[in-house]
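Topology and contacts: notes
Take a look at the letters that make up each chain.
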Amino acid sequence: MDRYAVIGNPISHSRSPAIHAAFARQTGQRLTYEALLAPLDGFADAVAQFRVDGGRGLNVTVPFKREAFALADAHSPRAHAAGAVNTLAFGPDGVYGDNTDGVGLVRDLRHNLGCRLEGSRILLLGAGGAARGAMLPLLGAQPASLTLANRSTDKAEALVATFREQRGSIPLDACGFSALAGREFDVVINATAASLANEAPPLPPGVFAPGALAYDMMYRRGDTPFLAVARRNGAARVADGLGMLVEQAAESFVLWRGVRPDTTPVLADLRRQIDG
Ligand code: NDP
């Protein structure tokens, strides 16, 4: 059977093995998918061993996405734009690196949440790996504008500067959180790690336009701090990143197997497990 895995450190919490097992059952693909713990200083060796053992592809998670980028012989345009890789495919021509996080986000927003991105004013919060990976797919959705806001304004400005060419005619700007006062957005996406510290980014309350969707890339049972604040400040709809997790996995599955799984029942099962 073809062998795949998710590699990271830590890794025991990963839901990817369950998601890919469900995709394989549903599509009749014969494969195994496991969780691999790599030492913090031993990512490349762990990948090499996995290939020697017959591995066909890997998902890569924290903290190895940049190392995976360096290890790949060729990259998809979106991996190139992100400077990070979450999917490796091993073939006769070498190692191919892709980044499916951002496209997974866009698929979740569009297909699962019915969110119209075209013509929307999008606010993306954060300037780390997750925000970087989301930039190109969000620009590709043809929003009315894309604004990147971050605690460290210089990082937001530096990130936006690297997308000047890809933005086409779409207005793209960067700022700190306080500079958002007086502006409003149709879609507000939290790609900061604030929720991990049980905090919400300090946004001015008026950023949610009537009908706005608030989206947190983090997921958990109940509202994240950002989603709770968004509800209080008038967001019409809120959603967490569980759908993004399932959709990025589906994109990896398509790359490896050439078959698109139906994510709807897999996402519903996962949601039931999380909500207990
Ligand atoms: P990084 O460590 O690369 O980036 C962290 C970002 O969060 C930086 O912009 C940092 O700002 C900001 N930040 C950290 N703490 C705070 C705070 N207390 N208040 C405001 N801003 C803060 O993380 P990632 O980009 O890799 O991940 C970000 C989030 O996205 C995580 O919650 C992760 O779980 C989630 N994620 C979800 C995925 C999914 O499939 N659902 C996939 C990938 C990520 P500064 O620059 O000022 O330090």
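Residues numbered from 1 in each chain as written. Predicted model: local features only at pLDDT ≥ 70, side-chain atom pairs only at ≥ 80, totals over all residues. Heavy atoms only, no water.

Details of the overall build of the protein chain
How we decide: Strands are runs of DSSP state E lasting at least 2 residues, helices are runs of H or I lasting at least 4, and numbering of each runs from the N terminus. Here's how the labels work: a residue is buried when its accessible area is under 20% of the maximum for its type, exposed when over 50%, partly exposed in between, all with a 1.4 Å probe on protein chains only. Computed with the Shrake-Rupley method and a 1.4 Å probe, the accessible areas treat only the protein chains shown as cover for residues. By the counting scheme adopted, Arg and Lys are positive, Glu and Asp are negative, and His together with the chain ends is not counted. To locate a charge, take NZ of a lysine, CZ of an arginine, CG of an aspartate or CD of a glutamate.
Scanning the protein chain from N- to C-terminus turns up 10 helices and 12 strands. Considered along the principal axes of its C-alpha atoms, the protein chain spans approximately 55 × 40 × 30 Å. A burial count over the protein chain gives 51% of its 276 residues as buried. Here the protein chain has roughly 12,100 Å² of accessible surface; of this, 50% comes from carbon and sulfur atoms. Taking the 28 positively charged and 27 negatively charged side chains of the protein chain as two groups, their mean positions are separated by 4 Å.

Side note on the nonpolar core
Our working definition: To form a nonpolar core, buried Ala, Val, Leu, Ile, Met, Phe, Trp, Tyr and Cys residues must be joined to one another through side-chain atoms within 4.5 Å. Every residue pair with non-hydrogen atoms within 4.5 Å of one another is taken to be in contact.
In this structure, Leu-105, Leu-109, Leu-124, Leu-138, Leu-148 and Ile-189 are the most contacted members of the largest nonpolar core, which totals 31 residues. Among the elements of the structure, α5 (101-112), β7 (121-125), α6 (129-140), β8 (145-149), α7 (153-161), β10 (185-190) and β11 (208-216) are those that each provide at least two residues to this core. In terms of residue count, the dominant contributor to this core is α6 (5 residues). Excluding residues that lie within four positions of it along the chain, Leu-138 makes contacts with Leu-105, Val-106, Leu-109, Ile-122, Leu-124, Pro-143, Leu-146 and Ile-189.

A few points about helix α10 (residues 263-275)
The criterion, for reference: Here a helix's expected span is defined as the number of its residues, less one, multiplied by 1.5 Å. Relevant arc is that of directions from the helix axis to the C-beta atoms, nothing else.
Counted at 1.5 Å a residue, the expected span for α10 with its 13 residues is 18 Å, and the 18 Å between its end C-alpha atoms agrees. For α10, every residue scored as buried is listed here: Thr-263, Val-266, Leu-267, Leu-270 and Ile-274. The buried residues of α10 occupy an angular sector of 95 degrees when the element is viewed end-on, so they sit on one face. Residues of α10 that are exposed and point over 90 degrees away from its buried face: Thr-264 and Arg-272.

Some remarks on the domain arrangement of the protein chain
Often, the extent of an interface is quoted as the loss of accessible area upon association of its parts. What counts, and what does not: Marked domain ranges trace back to an automatic or database domain assignment. For any pair of parts, buried area is found by adding up, for both, the accessible area (1.4 Å probe) each one loses once the two are put together. Criterion for a salt bridge: a side-chain nitrogen of Lys or Arg within 4 Å of a carboxyl oxygen of Asp or Glu.
For the protein chain, the assigned domains are domain 1 (2-99 + 243-275) and domain 2 (102-240). When each unit is reduced to the centre of its C-alpha atoms, the spacing between domain 1 and domain 2 is 25 Å. Approximately 1,600 Å² of surface area, both sides summed, lies buried where domain 1 meets domain 2, with 57% of it carried by carbon and sulfur atoms. On the domain 1 side of the interface with domain 2, the three residues burying the most area are Ala-81, Met-244 and Glu-247, jointly 34% of the side's total. Across the domain 1-domain 2 interface, the total number found is 3 salt bridges. Of the charged contacts, one joins Arg-271 and Asp-240 as a salt bridge, the two residues approaching to 2.7 Å between their closest N and O atoms.

Focus on the pairing of β7
Quick reminder of the rule: Look down the strands so they point away from you; if the path from the first strand over the helix to the second goes clockwise, the crossover is right-handed. We treat two strands as partners when DSSP finds at least two bridges between them.
Most of β7 sits inside the fold, with 4 of its 5 residues counted as buried. Handedness of the crossover joining β7 and β8 through α6 is recorded here as right-handed. Across 4 bridges, β7 lies against β10 in parallel orientation. Each residue of the ladder has a partner; that of Leu-123, found in β10, is Val-188.

Comments concerning the site of the ligand
Put simply, the rule reads: We call a residue near a molecule or strand whenever a single non-hydrogen atom of that residue lies within 4 Å of it. Whenever a nitrogen or oxygen atom comes within 3.5 Å of another N or O atom, the pair is scored as a polar contact, on the condition that within protein one atom can donate a hydrogen and the other can accept it, and that pairs from neighbouring residues in sequence are kept only if both atoms are in side chains. Any residue that is not Ala, Val, Leu, Ile, Met, Phe, Trp, Tyr, Cys, Pro, Asp, Glu, Lys or Arg is counted as polar, Gly included; the first ten are nonpolar and the last four charged.
Contacts to the ligand come from 20 residues, most closely from Ala-127, Ala-130, Asn-150, Ser-152 and Glu-199. The contact in question runs from an oxygen atom of the ligand to an N or O atom on the side chain of Asn-150, over 2.8 Å. Here an oxygen atom of the ligand and a side-chain polar atom of Lys-155 are 3.1 Å apart. When the free accessible area of the ligand is taken as 940 Å², the share hidden by the protein chains comes to 77%. Those elements that provide at least two residues to the shell around the ligand are α6 and α9 (242-257). Tallied by class, residues from the shell around the ligand come to 10 nonpolar, 7 polar and 3 charged.

What about the packing of helix α1 (residues 16-27) against α9?
The criterion, for reference: A fitted line through C-alpha atoms represents every axis, and for helices the fit uses only the stretch in contact; the resulting angles, taken between N-to-C directions, go from 0 to 180 degrees. Orientation categories follow fixed angle ranges, with anything under 35 degrees roughly parallel, anything over 145 roughly antiparallel, 65 to 115 roughly perpendicular, and all other angles oblique. What makes a crossing left-handed is the near helix being turned counterclockwise from the far one by less than a right angle; a clockwise turn instead makes it right-handed.
α9 packs onto α1 with a crossing angle of 55 degrees between their chain directions and a minimal axis gap of 10 Å. Of the possible angle classes, the one that applies to α1 and α9 is oblique. Relative to α9, the crossing made by α1 is right-handed. On α9, the residues that touch Ile-19, His-20, Phe-23, Ala-24 and Thr-27 of α1 are Leu-245, Val-246, Ala-249, Ala-250, Ser-252, Phe-253 and Trp-256. Class assignment for the residues of the contact of α1 with α9 results in 9 nonpolar, 3 polar and no charged.

Some remarks on the side chain of Thr-87
With respect to the secondary-structure elements, Thr-87 resides in strand β5 (residues 87-91). Here Thr-87 falls in the buried class, since its relative accessible area comes to 0%. In terms of polar contacts, Thr-87 uses its side chain to reach the side chain of Asn-86, at 2.8 Å. A polar contact of 2.8 Å, which involves the side chain of Thr-87, links it to the side chain of Ser-252. Once residues lying within four places of it in the same chain are set aside, the contact partners of Thr-87 are Leu-58, Asn-59, Tyr-96, Gly-97, Asp-98, Thr-100, Ser-252, Leu-255 and Trp-256.

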